[in-house]
Amino acid sequence: MSTPRSSSPGGGKSGGKGGGSSHRKGRPSPGRTAKRPARQVTPPREKPKTPVDQHVPSGERLQKVLATAGVGSRRVCEELIAAGRVEVDGHRVTELGIRVDPDRQIIHVDGERVQLDSSKVYLAFNKPTGVISTMNDELGRPSVGEYLEGRKERLFHVGRLDVDTEGLLLLTNDGELANRLQHPSYGVTKTYVAVVPGPVPRALGRQLRDGVELEDGMVKVDSFRVVDSRPGWAMVEVVLHEGRNHIVRRLLEETGHPVESLVRTDVGPVQLGELRPGKLRPLSSREIAGLYKAAGL
């Protein structure tokens, strides 16, 4: 007599559809994942970094160079070096005994470049109205050069201000910095304060930020605000990085607010402050560093 085959719990024959747990050889049942051995990944070996030696045996001690440049006392400069806040040619330096060549090496403190060339001159000048932004004028009109008589350096102005505009003009013999400060691609902002007929509508700021089409192309300001307002006139502040001729006057006139008086108060991090018309002052080391940073140097 034959022995009956065992049935699955569902009543079907073993191995039938919907049956028990048996399965074909080599094929995992649903819900089960075949385990594969973990693949060993060997991380690539890092190439040893070649140390960069910024030491110049015939140079000057780094802390002395920094102190001479006006960064601080020699003790303060030593603390900056030890704290890793000083870079020479893009490499952090922490050794107090290092010597550098200030004529060919570039030094940054806290990311700001330190001007080491003592032959470079950086001046802020408050150009009065009626003065031409040239070093000399063939027609004999008052020019910026008349305020520099007696100086040995051959200086030139960074950008221009029209004859009827007063305010901040930078003077230097650092050609690389001057070229970058004037180029619009570096986005160095200039701030102007203008007096215009009032009242000024609230929508003017948005209009200027969105852009105004002039005969030589679109112009957008970086910011605009009303500084003061009285019956019949308003004082407004315009910040932009454009360098086209008479740009602020043309921009405000195009929007129906012709300029009655105009003063440039800031160029990048440098402010006019209390400097009186016709006067000069040397820029501080912090202002020079700020200009270098703004110009990407």
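Everything below is about the structure printed above this text.
Structural notes, computed from the coordinates. The shown structure was predicted, so the numbers you read here are calculated from the model rather than taken from an experiment.

1. Focus on the sheet that holds strand β6 (residues 112-113)
And step 1. One open sheet holds the four strands; their spatial order is β3-β2-β5-β6, and the pairing between them is antiparallel. A single partner strand is all that each edge strand has here, and the edge strands are β3 (91-93) and β6.
And step 2. Relative to β3, strand β2 (residues 86-88) runs antiparallel, the two being bridged by three bridges. In the sheet register, Glu 87 faces β3, and the bridge partner there is Arg 92.

2. A look at the pattern of salt bridges
And step 1. With the rule as written, the count across this model stands at 14 salt bridges.
And step 2. For the salt bridge of Lys 120 with Asp 117, the shortest nitrogen-to-oxygen distance reads 3.1 Å.
And step 3. The partly exposed category is assigned to Asp 117, whose relative accessible area is 29%.
And step 4. Between Glu 215 and Arg 250 there is a salt bridge; the shortest N-O distance is 3.0 Å. Linking Glu 215 in the loop between β11 (212-214) and β12 (217-219) with Arg 250 in helix α5 (residues 247-254), this pair joins segments that are 35 residues apart in sequence.
And step 5. For Glu 215, a relative accessible area of 66% puts it in the exposed group.
And step 6. Linked by salt bridges that have partners in common, Glu 215, Asp 216, Glu 242, Arg 244 and Arg 250 make up one network.

3. As for the pairing of strand β15 (residues 261-267)
And step 1. Here β15 lies mainly inside the structure; five of its seven residues are buried.
And step 2. Note that strand β9 (residues 166-172) and β15 share two bridges and pair parallel. Its bridge partner being in β15, Glu 166 is matched across the sheet by Val 263.
And step 3. Taken together, the two bridges between β15 and strand β16 (residues 270-271) define a ladder with antiparallel strand orientation. Bridge assignment links Asp 266 to a residue of β16, and that residue is Gln 271.
And step 4. A loop of two residues connects β15 with β16, the two strands running antiparallel in sequence, and Gly 268 in this loop sits at a positive phi of about 60°.

4. A short note on the environment of Val 56
And step 1. Within the secondary structure, Val 56 sits in the segment before β1 (60-61).
And step 2. Note: C-alpha distance between Val 56 and Arg 99 (43 residues apart in sequence) is 5.3 Å.
And step 3. If near-sequence neighbours (up to four positions away) are discounted, Val 56 is found in contact with Arg 99, Val 100, Asp 101, Arg 104 and Gln 105.

Conventions used here
Residues numbered from 1 in each chain as written. Predicted model: local features only at pLDDT ≥ 70, side-chain atom pairs only at ≥ 80, totals over all residues. Heavy atoms only, no water. Pairing = 2+ DSSP bridges. Helix = DSSP H or I, 4+ residues; strand = E, 2+ residues; numbered from the N terminus. Salt bridge = Lys/Arg side-chain N within 4 Å of Asp/Glu carboxyl O. Buried < 20%, exposed > 50% of the residue type's maximum accessible area, 1.4 Å probe, protein only. Contact = heavy atoms within 4.5 Å.

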